[in-house]
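# Descriptive structure summary
Below are the chains, spelled out letter by letter.
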Amino acid sequence: MKRKILLGIALALFSSQMYSQAAPDYNGGLKVKLNEEGSSYFRLITWAQVQASHNNSVAEDQSKTNFNLRRARLILYAQISDDFLILTHLGLNSLNANNLTPTGTGEASQFFLHDVTAQYKIAKTHHLGGGLHYYNGISRLNNQGTLNFLTMDNNRQSWATLGLSDQFARHLGFYAKGEFGKFHYRVSVNDAITNSLDAREAVANQAVYGGRKLLGSKDAGKTYAGYFEYNFLDMESNFLPYKVGTYLGAKKVFNVGAGFFTHPSGAAILENNEVKGENVNIFAVDAFYDAPIGENGAALTAYATYQNNDYGTNYLYNAYGTGSMTYGHVGYLIPATIGKKTKLQPYTSVSLNSYDAIDDNRNIFNVGTNIYLKGNNSKLTLEYSHEDFGAVKRDIVTLQAMIYL
């Protein structure tokens, strides 16, 4: 058995489960077989995203151009049979000059657990799992993987509970996922985080997201989420929790989905000098389209969503607020014009956010292009972003280099 394992590693056997949004010669990445049939195996995925940004909205004594290690990640998953799956996801995010430390021992420099899940098959297309997981509700973008964005990054407001009820968009709890024909579902029940990103104390007339800490876990300890979608054209894989951003025309996909997130007494507010709970309820509807155009390698990717956010009375904190969000993006993959493999994909996105607590809306407009050197395995992205939010007028130009293996 040991000889077989060493032989498998030495030969770097490739996965037979191809990720169609990857480079044609990628063939699914490194998959090491632990038996001759390949039913017992482990697979490794790693990627890095490095950025250089120019921001015109900084103090006079600050540099307008800065560098950022946006993501460094490692995923390992394994099966001893198709009845069981364990997944471990490690990484760090946004390492820059302001959070680096002299000897690399600071919090921002450390890999931490993004996901750790154990999963069991209960029927042919239905699974139960538990752990620190990414089977989120609400929308496709709240379940978005970071390997194959169309835009440079995810729409921030779509990660609607990040740091409020979860750890970096991952909840600790149990989930169920599966499919009935072309209908896919994922649902979960989880513990809410006690140490929320919103550490404010309860006040009158404006909710804070701290129900579990301020009211206790009995009434405010659990969250519930679900996302449901119908695959009208090609079926998407739901083997892993991470939704694909663009297939580069390798599939013909049109999906319509809807999802929710609810946290009873997740928010807290002060009424007559008494802290009371308010329910957090978020729901969204969305549609995703990705398909080739013609026979020359062109493709269109488009996505749109409407999200209603209720974090409690007049809630407003950082990127979050009670109100509504409308978001969409579209990209066009131009056939190879630079050599035989390099492709360009110009895109644009718009995010419109309204808040009950204030009159000002947050509007974000992005335009950019992806330069694919080896599909999503090696690409450059150049993006201009404009944000308009009250007195804030922010213009940022960012160049990102990404490689994943």
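Let us look at the structure shown here. Note that this is a predicted model, so its numbers are computed, not measured.

### So, the side chain of Asn142
Within the secondary structure, Asn142 is located in the loop between strand 6 (126-133) and strand 7 (171-180). Residues within four places of Asn142 in sequence aside, it is in contact with Tyr134, Asn136, Gly137, Ser158, Trp159 and Ala160.

### A closer look at the packing of aromatic side chains
For the structure shown, the criterion picks out 17 aromatic pairs. Taken together, the ring pairs in this structure connect Tyr209, Tyr311, Tyr315 and Tyr320 into an aromatic cluster. Above the plane of the ring of Tyr134 lies Arg170, whose end atom (NZ or CZ) is 4.2 Å from the centre. Cation over ring: Arg362 sits above Phe389, and NZ or CZ is 4.2 Å from the ring centre.

### As for the pairing of strand 16 (residues 342-355)
Two elements, strand 16 and strand 17 (residues 362-372), share 11 bridges in a ladder whose sense is antiparallel. For Leu344, the partnering residue across the bridge sits in strand 17 and is Ile371. Where strand 16 folds back onto strand 17 in an antiparallel hairpin, the turn is made up of six residues.

### Thoughts on the pattern of salt bridges
Per the counting criterion, the structure on display carries 15 salt bridges. Residue Lys121 is joined to Asp83 by a salt bridge in which the shortest nitrogen-to-oxygen separation is 3.8 Å. Taken as a pair, Lys121 in strand 5 (residues 112-123) and Asp83 in the loop between strand 3 (65-81) and strand 4 (84-96) lie far apart in primary sequence, 38 residues in all. Given the relative accessible area of 27%, Lys121 is considered partly exposed. Given the relative accessible area of 33%, Asp83 is considered partly exposed. Arg140 is the partner of Glu236 in a salt bridge, and the nearest nitrogen-oxygen pair spans 2.7 Å. Highlighted residues: Glu236 in the loop between strand 9 (222-231) and strand 10 (253-271) and Arg140 in the loop between strand 6 and strand 7, separated in sequence by 96 residues. Taken as a pair, Glu236 and Arg140 share a single burial class, namely buried. Shared partners join several salt bridges into a network, and the residues in it are Arg140, Glu229, Glu236 and Lys243.

### Quick look at the pairing of strand 19 (residues 392-404)
Both faces of the sheet carry side chains from a regular strand, because those side chains alternate between them. Alignment of strand 2 (residues 41-55) against strand 19, held across nine bridges, turns out to be antiparallel. Its bridge partner lying in strand 19, Ala48 is registered against Ile403. The sheet contact formed by strand 18 (residues 378-389) and strand 19 spans 12 bridges and is antiparallel. Paired with Leu382 across the two strands is Leu399, which belongs to strand 19. With antiparallel pairing between neighbouring strands as the criterion, strand 18 and strand 19 make up a hairpin whose turn holds two residues, including Gly390 at a positive phi of roughly 65 degrees.

### Some remarks on the nonpolar core
A general trend in soluble globular proteins is that nonpolar side chains are found buried together. Ranked by internal contacts, the top residues of the largest apolar core, which has 32 residues, are Tyr77, Tyr311 and Tyr315. The set of elements that each furnish at least two residues to this core consists of strand 2, strand 3, strand 4, strand 10, strand 11 (274-293) and strand 19. When residues no more than four places from it in sequence are discounted, the contact partners of Tyr315 are Leu164, Asp198, Arg200, Gln206, Ala207, Val208, Tyr209, Tyr320, Gly321 and Thr322. Formed by eight residues, the second largest nonpolar core is a distinct cluster that contains Leu141, Tyr247, Phe288 and Tyr303.

### Some details on the environment of His263
Structurally, His263 is set in strand 10. Sequence-wise, His263 and Gly221 are 42 residues apart; in three dimensions their C-alpha atoms are separated by 8.1 Å. Excluding its chain neighbours within four sequence positions, the residues that come into contact with His263 are Ser165, Ala192, Tyr209, Ala220, Lys222, Thr223, Glu278, Asn279 and Val280. A polar contact of 2.8 Å, which involves the side chain of His263, links it to the side chain of Tyr209.

Quick notes on the rules
Residues numbered from 1 in each chain as written. Predicted model: local features only at pLDDT ≥ 70, side-chain atom pairs only at ≥ 80, totals over all residues. Heavy atoms only, no water. Helix = DSSP H or I, 4+ residues; strand = E, 2+ residues; numbered from the N terminus. Contact = heavy atoms within 4.5 Å. Phe/Tyr/Trp six-rings, centres within 6.5 Å; stacked < 30°, edge-to-face > 60°. Lys NZ or Arg CZ within 6 Å of the ring centre and 35° of its normal. Pairing = 2+ DSSP bridges. Salt bridge = Lys/Arg side-chain N within 4 Å of Asp/Glu carboxyl O. Buried < 20%, exposed > 50% of the residue type's maximum accessible area, 1.4 Å probe, protein only. Core = buried A, V, L, I, M, F, W, Y, C linked by side-chain atoms within 4.5 Å. Polar contact = N/O pair within 3.5 Å; in protein donor to acceptor, adjacent residues only side chain to side chain.

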